[in-house]
Amino acid sequence: MTKTINLTLKVWRQNGPKNKGRFDTYHAENISTDMSFLEMLDVVNDQLTIDGKEPIAFDHDCREGICGQCGCVVNGRPHGAEKGTTLCQLHMRHFDNGDTIAIEPFRAMAFNVIKDLAVDRSALDKIIQAGGYVSVNTGGAQDANAILVPQEVADLAMDAAQCIGCGACVASCPNASAMLFTSAKVSQLALLPQGKPEAAKRAINMVRTMDELGFGNCSNERECEAECPKEISITNIARLNREYFKAGFFS
Amino acid sequence: MALDAKIPGGPIAEKWDRHRFELKLVNPANKRKFNVIVVGTGLAGGSASATLAELGYNVKTFCIQDSPRRAHSIAAQGGINAAKNYPNDGDSIWRLFYDTVKGGDFRAREANVYRLAQVSNDIIDQCVAQGIPFARDYGGLLDNRSFGGAQVSRTFYARGQTGQQLLLGAYSALMRQVAAGKVQMFPRREMLDVVLVDGHAKGIVVRNMINGAVERHAADAVVLCTGGYGNVFFLSTNAMASNVTAAFRAYKKGAFFANPCFTQIHPTCIPVHGTFQSKLTLMSESLRNDGRVWVPKNPGDKRTPEQIPEADRDYYLENKYPSFGNLVPRDVASRNAKEQCDMGKGVGETGQAVYLDFADAIHRDGRDVIAKKYGNLFQMYEKITADDPYQTPMMIYPAIHYTMGGLWVDYNLMSNVPGLFVLGEANFSDHGANRLGASALMQGLADGYFVLPYTIGGYLAGTAKADVTTGHKAFDESEKQVTGRIDRLMSIDGKRTVDDFHKTLGRIMWEYCGMARNNEGLGMARGMIQELRAEFWENVRVPGNAADFNQSLERAGRVADFLEFGELMIVDALARQESCGGHFNERFETEEHEALRDDDNFCHAAAWEHSGDGREPEFHKEPLVFENVKLTQRSYK
Amino acid sequence: MNWITSTLGSSIGKKLLMAITGFSFCGFLAAHLAGNLTIYGGKDAFNGYAEHLHALGPLLTVAELVLLSFFLVHVITGLILYLQNLKARPVRYAVNKTAGGRTFGSATMPYTGALLLAFIVFHLLNFSFVDKTNTTIFNIVSSAFSSPVYVVIYILAMVVAAVHVSHGFWSTFQTVGANHPKYMPLIQTVGIAFAVVVGIGFGFLPIYIFLLA
Ligand SMILES: Cc1cc2nc3c(=O)[nH]c(=O)nc-3n(C[C@H](O)[C@H](O)[C@H](O)COP(=O)(O)OP(=O)(O)OC[C@H]3O[C@@H](n4cnc5c(N)ncnc54)[C@H](O)[C@@H]3O)c2cc1C
Ligand code: SF4
Ligand code: FES
């Protein structure tokens, strides 16, 4: 049932990457429980604008949990406390009247704050640039059905391929490691016949790039898996490890 | 002036081959001397950038999002069509071509559509080679499903995330070229103007969305892949940043805008439930393969769906269209939903919804089978509505989803401005007045992977190379204009927020230029938009700084363009005194309440030319000639 | 040789080093525990075990050197990881909650590790690097554990060791890539069981000796 609630927000405000940040307190009143978290922020921002203040900057685009552009840390949890949910899909019915909500940006050395809750996640693109592809030029591909892929393999690859590149794994990892993200792409391509020829090079280059970008080291804390909005499993990290050792020691 | 679409001669099946042969080629060694700007990284822009770079061109690619992987294409759920005929159910290039022309209510250009059907198969091959995990059957072959009004199973899919997987494929190809140094990627940039030198597109002016800097980029050609303008309605299934700005700026520089009033309403979206709502969520229409659409037989029946016995339910699509049933094309399904709700049979709190019921399918196939097909969609529905579709029927209502209109392009996908190419949803070419399901992804990738890479060569090889730098005075002028507009927006300091204006505009458009239109309403809406626009420029409040990350300013620029563009849509809708596909003028309907075309007077694409602010746009006509498909009244009975 | 350093020097390589050395400590703990159990056989059995061990001569030295080098690798790599991981998040969260992935063991690895390091030094000083000419190992042990302080220190240390192992054991499998949904639950159970055995097995010894004395 739809009802309305009042909330106190403690929001991280930071003017730019080099500025110092601080928490500001806002009151969000008459918030319908049917709203998404971002719609709640819209309402707060409208009020801030009318009051002559600067609205809170936060990234978002699709608002349906697939583009991976949204995300901040809500009461200590990236994308909030609901399992398998992006921030844009988090609805206010999961909060109670009178709650205080702390909202912070994703924090990692590899993710600079751009403004308030918006961070720079281009490091994730750089990891993909290091090898997250199959090297085929357009044209000249063989008939699609000439490559057989067993259904289970296609399913496993798809499980990994669902990653939306949101960076919540990094944000939730106590070590700010990007292993889940990296492993999802390595896994997808290592599983499929199309990705096999470059598997070794890919694993080594992507891991090396990930390390160079200043992400932390994975120590199997499993927070990423628990927090990932697409519920990507750490079996992918195990597969990445395998691929990496295979490549490092035997290729 | 009649527009020349430069359709090659010869039988339709040979046009593209012949054209490719006749196009001039750029010598491989010379390709690296050409710079190409691609704006947009959706399926169209991503695939075009990667392919151009593979060919050897120097590419600069721009997008609004923080990463090219997040373009709006990512949200497409259902699938992508191809004429592979893998299921052996009688599909062919010809049938895909025919279905698309007919589905578009005979307002698309035959030659383009045929080419689209031809290259559709190459797309699937290419995507599989990239490692896209399409659904497979037990034997390991690709699986197909029937989709959105097609009577053959020609849709390839990757769970409910086909757009995501296809986009990530194009993105990975793009990233490969970035790593190779052939593509320079500029994310978080918004294109605010096209720069013309001697009538040719030679560059763009963009705003760096992080620090507000206005930047200039020059090139030998500009390719716009900036998506659709559905957000003119405020509430739509489009991503929040989808806009008309890039296309509209090009329009203001002389590119013709074709068929702006052709917008598509998608029948299966989660209904609107509050004024705070920021967007609408689509439920893939693949759901209509197994879900049955119904409303209570009696208007005002307030019982819960479980309490309504079979006898009191009206499965109106199945009853009205026995052979297509729940799978009628989108425009038909949408209009029927509206009709039922207008009769007072709508359900839910607002009465603006119909049921989509899976009880029979679950009963027939078992919950597991249904969960495997639609699990993620059901989950998404439950997240948003807190209702469980396994237990109770979904509630759905039509919403704005896609825009068939766009910048006018010829057979080479070049606009009337030489050197300015337009791909994907941003152009107008392939879907006529209504797009069939799973064919936008096909078109985006066809344009980017397999059409533009050839046709742009024809332009570049056939035009004297003129090296233009960003120091050219055309850039000075353009930048001045762009900064002037930004400064003006910042200085108004009024009382209403940008979103407030956007919502008002959206309501006007939905009410008067939405699912059904009439001349009186359109006329009224035009006045309302003019007033709203005038108020906007006096009363909008854009907080913050121009030289900063400023999301209100970004939105203000887009809404300002929507406020002008909305009027253009209305002008176009008023000019088209017929009904066809997504454009339904209540004056023109058959006895069965279907769109009634007027082929004698309106079998054309309407292309509008900007003739100065405050002036009526100038009308140009591209007559559509149907040599291969006979014009018929669509019927899905 | 470059490939070795580059493979092992990466984040995954370091993890592998931690896993392999850590897992061999698990093996060492098992052997050590088995030996220590001879204490329940009485003074002679225990002394006999010690003599047998020393009779291995150079073999023992090699084993000790291997152990020592593994130890150094584990400690140094662990330290590097700790510092790098600290650096990877320069600004900490004001509110930090777990989503249920971390366990007490995993969250405290660096700290339990540091405590164990201190304990091992302490342990070696007490029982290894002592003058054993006029006495037997049994005497040393029983005199040490006649003090309740020692007993408490050892018990606490063994709890810490158990906590450390509770994460370390399954983690090794994950790190070397042996994570299969079919077997992982079993590995995790065995890991916890092993941690409990280590904790109780070692932890009960001082109590036993204390009571004996
Ligand atoms: C919810 C949903 C589901 C859909 N499902 C299907 C389906 O199942 N099958 C199907 O065939 N089609 C589907 N469609 C339609 C299809 O997704 C789109 O038509 C198609 O993806 C458009 O691709 P595009 O490359 O033309 O543009 P987009 O993907 O919209 O990309 C536009 C790009 O342009 C950039 N851009 C825009 N403006 C500017 C600017 N001013 N400056 C700089 N960059 C700019 C954006 O950043 C973005 O990168 C669906 C659409 C929606 C909304
Ligand atoms: S693995 Fe999960 S949490 Fe990490 S980027 Fe991908 S979707 Fe986000
Ligand atoms: S806004 Fe796209 S995932 Fe949240």
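Up top you'll find the structure we're talking about.
On a predicted model such as this, the values are computed, not experimentally measured, just so you know. (Residues numbered from 1 in each chain as written. Chains lettered and ligands numbered in written order. Predicted model: local features only at pLDDT ≥ 70, side-chain atom pairs only at ≥ 80, totals over all residues. Heavy atoms only, no water.)

Q: Any chance you could break down the overall build of chain B for me, citing the residues and the numbers?
A: The helix and strand inventory of chain B stands at 17 helices and 19 strands. Expected size for 637 residues packed as a compact globule is a radius of gyration near 26 Å; at 24 Å, chain B falls within 12% of this value. Dimensions along the principal axes, computed over C-alpha positions, put chain B at roughly 75 × 60 × 50 Å. Considering chain B as a whole, with its 637 residues, one finds that 68% of them fall into the buried category. If you take every contact in chain B between residues at least 6 apart in sequence, the share linking residues at least 24 apart comes to 74%. As displayed, chain B offers around 20,800 Å² of accessible surface, 50% of which is attributable to carbon and sulfur atoms. For chain B, the distance from the average site of its 72 positive side-chain charges to the average site of its 77 negative ones is 4 Å. (Helix = DSSP H or I, 4+ residues; strand = E, 2+ residues; numbered from the N terminus. Rg over C-alpha atoms; globule rule 2.2 N^0.38 Å. Buried < 20%, exposed > 50% of the residue type's maximum accessible area, 1.4 Å probe, protein only. Contact = heavy atoms within 4.5 Å. Areas by Shrake-Rupley, 256 points an atom, 1.4 Å probe, with all protein chains shown as cover. Lys, Arg positive; Asp, Glu negative; His and termini not counted. Charge placed at Lys NZ, Arg CZ, Asp CG, Glu CD.)

Q: Summarise the interface of chain A and chain B; cite the residues concerned and give the values.
A: With 77 residues of chain A in contact, the opposing surface of chain B contributes 76 residues. A buried area of about 6,300 Å², summed over both sides, lies between chain A and chain B, and 49% of it is on carbon and sulfur atoms. Taking the shortest distance from any N to any O, the salt bridge between Lys372 of chain B and Asp155 of chain A comes out at 3.7 Å. Where chain A touches chain B, the interface holds 49 residue pairs in polar contact (both at pLDDT 80 or more). Tallying contributions element by element places helix H3 (residues 151-161) of chain A first for the side of chain A that touches chain B, with seven residues. Grouping the constituent residues of the side of chain A that touches chain B by class yields 32 nonpolar, 25 polar and 20 charged. (Buried area = accessible area lost by both parts, 1.4 Å probe. Salt bridge = Lys/Arg side-chain N within 4 Å of Asp/Glu carboxyl O. Polar contact = N/O pair within 3.5 Å; in protein donor to acceptor, adjacent residues only side chain to side chain. Nonpolar A, V, L, I, M, F, W, Y, C, P; charged D, E, K, R; others polar.)

Q: An account of the interface of chain C and chain A is requested, with residue identities and associated values reported.
A: The accessible area lost on association of the parts is a frequent measure of interface size. Across the boundary between the two partners, chain C contributes 43 residues, which contact 47 residues of chain A. Summed over both partners, the interface of chain C with chain A buries about 3,600 Å², with 52% contributed by carbon and sulfur atoms. Inspection of the chain C/chain A interface yields one salt bridge. Glu221 of chain A is paired through a salt bridge with Arg102 of chain C; the nearest N and O atoms lie 3.2 Å apart.

Q: Describe the site of ligand 2, naming the residues involved and giving the relevant values.
A: All names here are of chain A. Inspection of the region around ligand 2 gives Cys163, Ile164, Gly165, Cys166, Gly167, Ala168, Cys169, Leu180, Phe181, Cys228, Pro229 and Ile232 as its neighbouring residues. Secondary structure elements with two or more residues in the shell around ligand 2: helix H4 (168-172) and helix H5 (179-191). In the shell around ligand 2, the residues fall into ten nonpolar, two polar and no charged. (Near = heavy atom within 4 Å.)

Q: How would you explain the packing of aromatic side chains if you had to name every residue and give the values?
A: Within this structure, the stated rule accounts for 49 aromatic pairs over all chains. Measuring from ring centre to ring centre gives 4.8 Å for Phe62 of chain B and Phe186 of chain B, while their planes differ by 10°; the resulting arrangement is stacked. With Phe62 of chain B in strand S2 (residues 58-62) and Phe186 of chain B in strand S5 (residues 183-186), this pair connects stretches of sequence that are 124 residues apart. By relative accessible area, Phe62 of chain B is classed as buried at 1%. Through successive ring pairs, a cluster of aromatic residues spans Phe119, Phe122, Phe127, Phe145, Tyr150 and Tyr154 of chain C. (Phe/Tyr/Trp six-rings, centres within 6.5 Å; stacked < 30°, edge-to-face > 60°.)

Q: Describe the packing of helix H4 (residues 58-87) of chain C against helix H6 (residues 109-127) of chain C, listing the residues and the values that go with them.
A: Residues and elements named next belong to chain C. In contact at an axis separation of 11 Å, H4 and H6 are set at 145° when each is read in the N-to-C sense. Considering how the two elements wind past one another, H4 and H6 form a crossing that is left-handed. Contact residues: Phe71, Val75 and Tyr82 in H4; Pro110, Tyr111, Leu117 and Ile120 in H6. (Axes fitted to C-alpha atoms, helices over the stretch in contact; angles between N-to-C directions. Left-handed = near helix turned anticlockwise from the far one by under 90°.)

Q: Talk me through the sheet that holds S2 of chain B; I want residue IDs and the actual numbers.
A: Residue and element names in this part refer to chain B. With parallel pairing, the five strands of this open sheet are ordered in space as S5-S2-S1-S9-S17. Edge positions in the sheet fall to S5 and strand S17 (420-422), since each has one partner strand and no second. On average, adjacent strands in this sheet sit at an angle of 20° to one another, irrespective of strand direction. Where strand S1 (residues 35-39) lies against strand S9 (residues 221-224), four bridges are found, and the strand directions are parallel. Of the residues in S9, the one forming a bridge with Val39 is Leu224. With respect to the sheet, helix H12 (residues 440-462) is in contact with S1, S9 and S17, its orientation differing from that of S9 by roughly 150°. (Pairing = 2+ DSSP bridges.)

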